[in-house]
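A look at the structure
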Amino acid sequence: MANLHAVSQRTLRDPDPSRPSRLERPARAAARARHRIAPIAIVAVLAVALGGCNFAWPTFGLDHGYDVQGQETAKLWSGMFMTGLFVAAIVWGLIFWCVLRYRRRKGDDSIPRQFQEHYALEITYTIIPLVIVIIIFVFTVLTENEVDSVSHPAEVTVNVTGYQWGWIFQYENAGGVTVQTAAGGAPHGRPSSYDAGVYPQLVIPEGATTKIILKSDDVIHDFYVHAFNFDRFAQPGVTNVFEFTPNETGVYPAQCSEYCGLYHSEMLFSVAVVTQTQYHQWLTYQEHHLNQPPTHFALTQQ
Ligand SMILES: [Cu+2]
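Residues numbered from 1 in each chain as written. Predicted model: local features only at pLDDT ≥ 70, side-chain atom pairs only at ≥ 80, totals over all residues.

1. Comments concerning the sheet that holds strand E5 (residues 210-216)
Taken together, five strands build an open sheet; the order of strands is E3-E2-E1-E5-E8 and the sheet is mixed. Sheet topology places strand E3 (178-180) and strand E8 (240-244) at the edges, where each strand pairs with a single neighbour. Averaged over all adjacent pairs, the angle separating strand axes in this sheet is 20 degrees, with direction ignored. Of the pairings in the sheet, the one linking E5 to E8 comprises five bridges and is antiparallel in character. Bridge pairing in E8 places Leu-214 opposite Asn-240. (Pairing = 2+ DSSP bridges. Helix = DSSP H or I, 4+ residues; strand = E, 2+ residues; numbered from the N terminus. Axes fitted to C-alpha atoms, helices over the stretch in contact; angles between N-to-C directions.)

Structure representation (structure tokens):
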């Protein structure tokens with residue numbers, strides 16, 4: 001300690017005339033830091049831009065959602081991700097600023113000023129995260145209520161049953177229209193693709209609410225539609241009810257996303273969101289051709 005003190009005293013008493021004064025040093029250091037930070041910032045911006053990020057509506061890996069409920073989920077995810085990035089930018093910024101600004105300089109072995117117990121600072125960095133968590137919690141509850149709400153008037157109701165290893169979509173008040181995984185069970189050994197003849201397709205109208213009443217015949221399955229940012233368990237002894245209000249036409253791949261046995265990977269299906277006219281035409285056709293394989297719409301999303 002005595003040695004360090006001596007060095008510190010010497011540094012103060014005998015300044016080297018060739019070195020910048022203590023007053024000049026911070027300004028020079030800041031200028032050097034600016035020169036270093038500029039290329040890093042350019043690389044970061046280019047990485048995001050060339051990475052294909054959607055600046056208009058960044059969803060950070062999630063689908064933007066093809067139904068009202070899925071879009072609410074995407075908004076929540078996006079908001080939380082951006083909040084995380086904002087906090088990370090402040091934390092990383094402060095870390096790098098401290099590392100650069102207060103790094104040990106050549107020939108300067110003095111001990112920096114030491115601080116302890118800054119109450120105002122401690123209260124600030126306790127309250128700010130608390131406020132952020134409360135805001136995220138409120139938005140999560142609001143979004144969850146919206147996504148789980150089954151109070152909209154449902155134009156279409158489909159009873160969905162998951163079983164080892166397939167799906168049955170039975171349309172209510174539709175003259176017995178039922179779409180299901182091809183007879184003979186899972187297409188063992190066949191290539192896994194959304195083959196129209198094998199995997200069932202849930203056809204629902206755009207701009208209308210479809211209510212799904214989900215059950216399982218045996219073990220736990222999971223009804224997952226990536227395009228809707230939504231999944232829900234098909235659980236034995238439990239009936240799960242939820243709704244989709246799609247607002248964009250398209251045919252989207254979907255699957256069971258809970259490992260449920262040997263041929264779980266064959267529990268594929270697709271969701272076709274079609275116009276109201278197409279939907280009614282499709283339903284009428286199915287009603288009159290109950291014994292024929294249902295007509296399929298080709299996938300528009302892989
Ligand atoms: Cu499964």
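Now, onward.
2. Overview of the sheet that holds strand E6 (residues 221-225)
If you walk across this open sheet you meet the five strands as E4-E10-E9-E6-E7, and the pairing is mixed. A single partner strand is all that each edge strand has here, and the edge strands are strand E4 (201-205) and strand E7 (230-234). Each adjacent strand pair in this sheet contributes to an overall mean axis angle of 20 degrees, direction not counted. When strand E9 (residues 250-256) meets strand E10 (residues 268-274), the two strands line up antiparallel, connected through six bridges. Among the inter-strand pairings, Val-251 is bridged to a residue of E10, identified as Ala-272. Running at roughly 130 degrees to E4, helix H5 (residues 276-288) makes contact with E4 and E10 of the sheet. (Contact = placed C-beta atoms within 7 Å.)

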